[in-house]
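This is what each chain is made of:
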Amino acid sequence: MSLASLIPASEEFCVLRTQIVDNLLACRDGDSALLYLYLVRQGKSFDERAALRDLNLTRDRYDRAVHTLTSLHLVIKPTETAQKPSEKPAAPPRYTAAELRARREGDHRFASVCQTAEIVLGRTLTEAQLRTLMNAYANLGLPADVLIDLLTYLHREKQTVTRRDIEEQAYLWADMGIFTAEAAAEFLSRREAEKPLLQEMMRALDLAGRDPAPDEYRYLSGFIRQGFDAEAVQLAKERMYARLGKFSWKYLSGIMESWHAKGLHTAAEITAVEPQLRQSKPASASTAAATPKPPVKQDGNLADWERDWLEEFHAMTRKEGNGNGI
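So, here's what we can say about the structure. Since this is a predicted model, take the numbers as computed values, not measurements.

What counts, and where the lines are drawn
Residues numbered from 1 in each chain as written. Predicted model: local features only at pLDDT ≥ 70, side-chain atom pairs only at ≥ 80, totals over all residues. Heavy atoms only, no water. Helix = DSSP H or I, 4+ residues; strand = E, 2+ residues; numbered from the N terminus. Buried < 20%, exposed > 50% of the residue type's maximum accessible area, 1.4 Å probe, protein only. Contact = heavy atoms within 4.5 Å. Areas by Shrake-Rupley, 256 points an atom, 1.4 Å probe, with all protein chains shown as cover. Axes fitted to C-alpha atoms, helices over the stretch in contact; angles between N-to-C directions. Parallel < 35°, antiparallel > 145°, perpendicular 65-115°, else oblique. Left-handed = near helix turned anticlockwise from the far one by under 90°. Nonpolar A, V, L, I, M, F, W, Y, C, P; charged D, E, K, R; others polar. Phe/Tyr/Trp six-rings, centres within 6.5 Å; stacked < 30°, edge-to-face > 60°. Lys NZ or Arg CZ within 6 Å of the ring centre and 35° of its normal. Salt bridge = Lys/Arg side-chain N within 4 Å of Asp/Glu carboxyl O. Polar contact = N/O pair within 3.5 Å; in protein donor to acceptor, adjacent residues only side chain to side chain. Core = buried A, V, L, I, M, F, W, Y, C linked by side-chain atoms within 4.5 Å. Expected span 1.5 Å × (residues − 1).

### Here we look at the overall build of the protein
At step 1: Within the protein, the regular secondary structure consists of 17 helices and two strands.
At step 2: Taken across its 326 residues, the protein has 41% of its residues classed as buried.
At step 3: Of the contacts made within the protein by residues no fewer than 6 positions apart, 65% connect residues no fewer than 24 positions apart.
At step 4: For the protein, the exposed area adds up to about 18,300 Å²; of that, 52% sits on carbon and sulfur atoms.

### Notes on the packing of helix α8 (residues 144–158) against helix α9 (residues 163–175)
At step 1: Two elements in contact, α8 and α9, have axes whose closest approach is 11 Å; the angle formed by their N-to-C orientations is 125°. In terms of orientation, α8 lies oblique with respect to α9. Handedness of the α8/α9 crossing: right-handed. Side by side, α8 and α9 meet where Val146, Asp149, Leu150, Leu151, Tyr153, Leu154 and Lys158 of the first sit next to Asp165, Ile166, Gln169, Ala170 and Trp173 of the second.
At step 2: Partitioning the contact of α8 with α9 into residue classes produces eight nonpolar, one polar and three charged.

### Let's talk about the packing of helix α1 (residues 18–27) against helix α2 (residues 30–42)
In a packed pair of helices, the relevant descriptors are the angle between the two axes and the axis-to-axis distance.
At step 1: It is at 8 Å that the axes of α1 and α2 come closest, and there the two elements cross at 150°. On the basis of their axis angle, the class for α1 and α2 is roughly antiparallel. The two elements α1 and α2 meet at a crossing, and its hand is right-handed. Together, Ile20, Leu24 and Cys27 of α1 and Ser32, Ala33 and Tyr36 of α2 make up the contact between the two elements.
At step 2: The class makeup of the residues in the contact of α1 with α2 is five nonpolar, one polar and no charged.

### A short note on unusual backbone geometry
At step 1: Within the chain, arginine 28 stands out as a residue other than glycine whose phi angle is a positive 50°.
At step 2: For arginine 28, the position within the fold is in the loop between α1 and α2.
At step 3: The exposure class of arginine 28 is exposed, given its relative accessible area of 75%.
At step 4: In this model, glutamine 159 sits at a positive phi of 65°, which is unusual for a non-glycine residue.

### Some points on the packing of aromatic side chains
At step 1: On inspection of all chains with the given rule, the structure shows six aromatic pairs.
At step 2: Ring geometry for tyrosine 38 against phenylalanine 46: centres 6.1 Å apart, planes inclined by 75°, an arrangement best described as edge-to-face. Of the two residues, tyrosine 38 and phenylalanine 46, both sit in the buried class.
At step 3: A centroid spacing of 5.2 Å and a plane angle of 75° characterise the contact between phenylalanine 247 and tryptophan 249, whose relative ring orientation is edge-to-face.
At step 4: Across from the ring centre of tyrosine 217, 4.2 Å away, lies the NZ or CZ of arginine 191, which sits over that ring.

### A look at the environment of leucine 37
At step 1: Looking at where leucine 37 falls in the secondary structure, it is placed in helix α2.
At step 2: Sequence separation between leucine 37 and cysteine 14 is 23 residues; the distance between their C-alpha atoms is 9.3 Å.

### A closer look at the pattern of salt bridges
At step 1: The tally for this structure, following the rule as stated, stands at 22 salt bridges.
At step 2: The shortest N-O distance in the salt bridge between arginine 218 and aspartate 175 comes to 2.7 Å. Taken together, the residues span a long stretch of sequence, with arginine 218 in helix α11 (residues 214–226) and aspartate 175 in helix α9 at a distance of 43 residues.
At step 3: Aspartate 175 gets classed as buried once you look at its relative accessible area, which sits at 15%.

### Description of the side chain of glutamate 274
At step 1: Within the secondary structure, glutamate 274 is located in the loop between α14 (267–273) and α15 (276–279).
At step 2: Separated by 2.8 Å, the side chains of glutamate 274 and tryptophan 259 make a polar contact.
At step 3: Excluding its chain neighbours within four sequence positions, the residues that come into contact with glutamate 274 are Arg239 and Trp259.

### What about the nonpolar core?
At step 1: Ranked by internal contacts, the top residues of the largest apolar core, which has 85 residues, are Leu142, Trp173, Phe223 and Trp259.
At step 2: With eight residues, helix α10 (residues 181–204) is the single largest residue contributor to this core.

### Considering helix α12 (residues 230–243)
At step 1: End to end, α12 covers 20 Å across 14 residues, agreeing with the expected 20 Å (1.5 Å per residue, within 8%).
At step 2: For α12, a buried count of eleven out of 14 residues is recorded, marking the element as mostly surrounded by other parts of the structure.
At step 3: Residues of α12 that are buried: Ala230, Ala232, Val233, Leu235, Ala236, Lys237, Glu238, Arg239, Met240, Tyr241 and Arg243.
At step 4: Downstream of α12 by one or two residues, glycine 245 has phi in the positive range, about 80°.

### Looking at α9
At step 1: Its 13 residues give α9 an end-to-end C-alpha distance of 19 Å, which sits within 8% of 18 Å, the value for a rise of 1.5 Å per residue.
At step 2: Those residues of α9 that fall on the buried side of the exposure criterion are Asp165, Ile166, Gln169, Ala170, Tyr171, Leu172, Trp173, Ala174 and Asp175.

Without other data, these values stay purely geometric and don't point to any function.
Following this line, the structure appears as structure tokens:
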């Protein structure tokens with residue numbers, strides 16, 4: 001995400017155009033104004049997870065603020081196809097055993113997290129487990145009470161909890177902007193309410209029989225918040241396999257975003273606009289994998305984002321087919 005219009009300034013001054021200030025005041029949205037000022041201040045060093053933590057915004061509030069700023073043409077949010085392949089996240093700090101011991105002995109809040117973790121794991125913490133907790137606490141910035149809620153949730157849901165479970169959930173909660181006990185309670189309540197629909201969506205995607213992984217949850221929860229049901233996800237899956245011939249969360253999300261932008265959220269609304277989906281035969285991941293499909297011939301039914309995405313995908317496929325990506 002980048003700023004659409006900004007007067008270059010020195011390190012000491014940040015200069016905003018009068019029209020931008022007027023637009024921010026007119027939208028009467030504190031989160032949007034706060035996020036814009038944060039963007040101005042951070043510049044190229046802007047980091048989404050840090051913004052959620054520093055501004056104390058949940059993912060929902062952050063997404064609404066981004067939508068408002070984008071609608072006002074104050075920021076530019078790159079599309080999936082415009083984004084460069086994401087770099088691997090920076091490795092967490094390598095805390096030494098002495099640092100871990102000092103933090104546990106000198107910080108009663110972190111000590112309470114460690115005690116809870118030992119109850120949940122049923123054993124004395126190893127250095128690796130301590131390092132995972134330290135990363136969540138000191139690097140990701142999850143407060144002690146939030147981490148205790150996270151550990152309690154994992155114990156309730158899984159009974160047997162691993163270090164990997166803690167690590168994945170810590171990154172998920174940080175990405176969702178869960179930095180207060182209130183936000184944690186709201187998130188857990190919503191997740192419990194979403195569970196039946198999440199399971200239906202997993203079945204629609206041929207992923208039944210397990211809970212969604214954190215990355216999968218991010219997508220599915222977003223679909224639910226946008227107002228989609230399992231039938232809509234089923235239709236998106238069928239269109240994905242018809243166009244792409246393989247499973248891609250990003251491509252699936254692109255389809256859902258395009259329908260959401262048009263105000264289409266139910267199977268009846270979607271098939272009224274795209275009647276070809278009404279007669280399409282359901283495709284499964286196993287079927288698609290067994291019978292790879294040739295590149296889709298582009299036609300007038302493709303949205304602009306979809307045409308660009310497919311061109312990039314087929315170019316990448318051809319490049320890989322030449323051997324060693326050369």
